[in-house]
Amino acid sequence: MVVEIKNLVKTYKNGVKALNKLNFQVREGEIFGLLGPNGSGKTTAINCLLALLNYEEGDIRVFDQEMKATSYNLKKDIGLVSQNIAVFTELTVYENIDYFCGLYINDKTLRKKLVEEAIDFVSLNDFKKFFPKKLSGGLLRRLHIACGIAHKPKLIIFDEPTAGVDPQSRNKILEGIKRLNEEGATIIYTTHYMEEVEELCDYIIIMDKGSVIREGTKLELIDSIKIGEINEIELNNHSTELIKDIKKLANVLSAVYDNRLLIVKSGKGKSNLIDILDLIKKHNLEFIRMHSKLPTLNDVFLEITGKELRD
Ligand SMILES: Nc1ncnc2c1ncn2[C@@H]1O[C@H](COP(=O)(O)OP(=O)(O)OP(=O)(O)O)[C@@H](O)[C@H]1O
Ligand SMILES: [Mg+2]
């Protein structure tokens with residue numbers, strides 16, 4: 001096991017209980033997703049995992065060894081791409097990466113090779129001599145990533161690496177993470193964007209209020225809730241009778257009309273699509289378009305907590 005966290009409890013000095021019996025395990029070679037809304041304790045969990053923060057209770061093991069503040073032999077195999085960008089403004093792109101890589105790699109020839117590879121990896125070849133101030137938000141994120149991965153760690157932790165970047169840089173970052181994983185690194189990916197977790201992660205834990213509220217693969221998570229199908233129908237006009245009739249259908253869990261959109265959530269098994277269309281016809285209503293989709297991780301979160309992943 002690459003990471004094993006048992007019953008972790010962390011209370012900050014101001015009394016906020018950020019982690020409340022947190023448990024999870026990360027297996028070798030996977031892209032592990034830590035999904036949770038703002039303030040659910042993701043960054044706190046990462047900082048405890050790296051022994052950067054003290055905690056009151058719990059056990060943390062990394063690469064099958066106890067993780068302590070002084071576990072330098074473990075830390076050299078871990079790369080952190082922290083949530084807040086931390087690079088030196090007075091150093092160039094090259095010098096920044098060289099500095100962070102140098103914390104772990106003393107051999108100059110090897111380090112030069114690793115720094116060049118990291119620059120290549122985040123496509124900053126044309127910006128080696130630039131100072132951070134001259135980089136756009138997306139390029140700065142990429143520099144920050146290069147600093148965290150240049151020493152080729154076996155475990156790489158990304159804490160919301162796409163926050164505030166444009167879609168093009170975002171895709172580059174996600175592709176890069178997939179490549180690092182293909183090259184053998186185990187990845188922990190933290191975010192509150194469920195689309196990223198759905199696209200990237202082999203295994204996902206959903207956190208809320210400092211503990212895991214559900215976990216599994218994307219399909220297992222979606223399979224774990226009552227909803228099996230969501231039909232969205234754009235209607236020109238509205239009728240309470242239609243909604244009443246739809247709610248009477250055997251498999252329907254809920255039907256809500258809001259701003260010309262009728263959203264019908266149904267249970268697993270038989271699709272309600274044809275029956276809903278028949279009812280719209282029967283009530284002489286006009287529909288503009290309609291589509292049928294599978295539930296998402298947001299629906300999983302909504303069903304368990306009663307609130308949306310994103311505020
Ligand atoms: N240094 C601190 N002192 C006091 N409270 C803190 C501190 N850092 C975090 N908290 C609180 O602990 C809780 C968990 O915060 P944390 O940053 O771990 O959440 P997160 O899931 O990473 O959120 P985000 O998605 O916004 O990054 C929040 O209620 C936060 O306000
Ligand atoms: Mg955070």
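All values reported here derive from a predicted model rather than from experimental measurement.

Caption draft 1: Summary view of the site of ligand 1. Taken together, 14 residues sit near ligand 1, with Gly39, Lys42, Thr43, Thr44 and Gln83 positioned nearest. Interatomic distance of 3.0 Å between a backbone N/O atom of Gly41 and an oxygen atom of ligand 1. One nitrogen or oxygen atom from the side chain of Glu160 is found 3.0 Å from an oxygen atom belonging to ligand 1. Look at ligand 1: alone it shows 630 Å² of surface, and the protein chains cover 65% of it. Per-element tally for the shell around ligand 1: the top contributor is helix 1 (residues 42–49), with 3 residues. Split by residue class, the shell around ligand 1 holds 4 nonpolar, 8 polar and 2 charged.

Caption draft 2: Representation of the coordination of the magnesium ion (ligand 2) in the model. Ligation of the magnesium ion (ligand 2) by protein atoms is provided by Thr43 (OG1) and Gln83 (OE1), these donors lying 1.9 to 2.2 Å from the ion. You can see Thr43 sitting in helix 1 and its partner Gln83 sitting in the loop between strand 6 (78–81) and helix 3 (93–102), a full 40 residues away along the chain. On the accessibility criterion, Thr43 (27% relative accessible area) is partly exposed. When its relative accessible area of 29% is taken as the criterion, Gln83 is described as partly exposed.

Caption draft 3: Main features of the pattern of salt bridges. This model, assessed by the stated rule, comprises 19 salt bridges. Glu160 is paired through a salt bridge with Lys42; the nearest N and O atoms lie 3.6 Å apart. Here Glu160 is found in the loop between strand 7 (155–159) and helix 6 (167–182), whereas its partner Lys42 is found in helix 1, with 118 residues between them in sequence. Summarising the burial analysis for this pair, Glu160 and Lys42 share the class buried. Residue Arg111 pairs with Asp98 through a salt bridge whose shortest N-O separation is 3.0 Å. You can see Arg111 sitting in helix 4 (residues 108–121) and its partner Asp98 sitting in helix 3, a full 13 residues away along the chain. Judged by relative accessible area, which is 15%, Arg111 ranks as buried. Residue classification places Asp98 among the partly exposed positions, given a relative accessible area of 22%.

Reading the values: rules and limits
Counting restarts for each chain: residues are numbered from 1 in the order of the written sequence. Here every chain gets a letter starting at A, and every ligand a number starting at 1, in the order they are written. With pLDDT at 70 or above as the cut-off, local features in this predicted model cover only qualifying residues; side-chain atom pairs require 80 or more to be listed or tallied, and sums for whole chains, interfaces and linings still use all residues. With hydrogens and water set aside, each side-chain value is computed from the structure's full complement of heavy atoms. Being near a molecule or strand, for a residue, comes down to having at least one heavy atom within 4 Å of it. Two N or O atoms count as a polar contact when they lie within 3.5 Å, although within protein this holds only if one can serve as hydrogen donor and the other as acceptor, and sequence-adjacent residues are included solely when both atoms are side-chain atoms. In this description, accessible areas are obtained by the Shrake-Rupley approach with a 1.4 Å probe, and a residue is regarded as covered only by the protein chains that are shown. Helix and strand definitions follow DSSP, with helices as H or I runs of at least four residues and strands as E runs of at least two, each counted in order from the N terminus. Only Asp, Glu, Lys and Arg are considered charged in this grouping, and only Ala, Val, Leu, Ile, Met, Phe, Trp, Tyr, Cys and Pro are considered nonpolar; every other residue, Gly among them, is considered polar. For Na, K and Ca the donor cutoff is 3.2 Å, while for all other metals N, O and S atoms count as donors only within 2.8 Å; water does not appear among the atoms, so some sites may look incomplete. Here's how the labels work: a residue is buried when its accessible area is under 20% of the maximum for its type, exposed when over 50%, partly exposed in between, all with a 1.4 Å probe on protein chains only. Each reported salt bridge corresponds to a side-chain nitrogen of Lys or Arg within 4 Å of a carboxyl oxygen of Asp or Glu.

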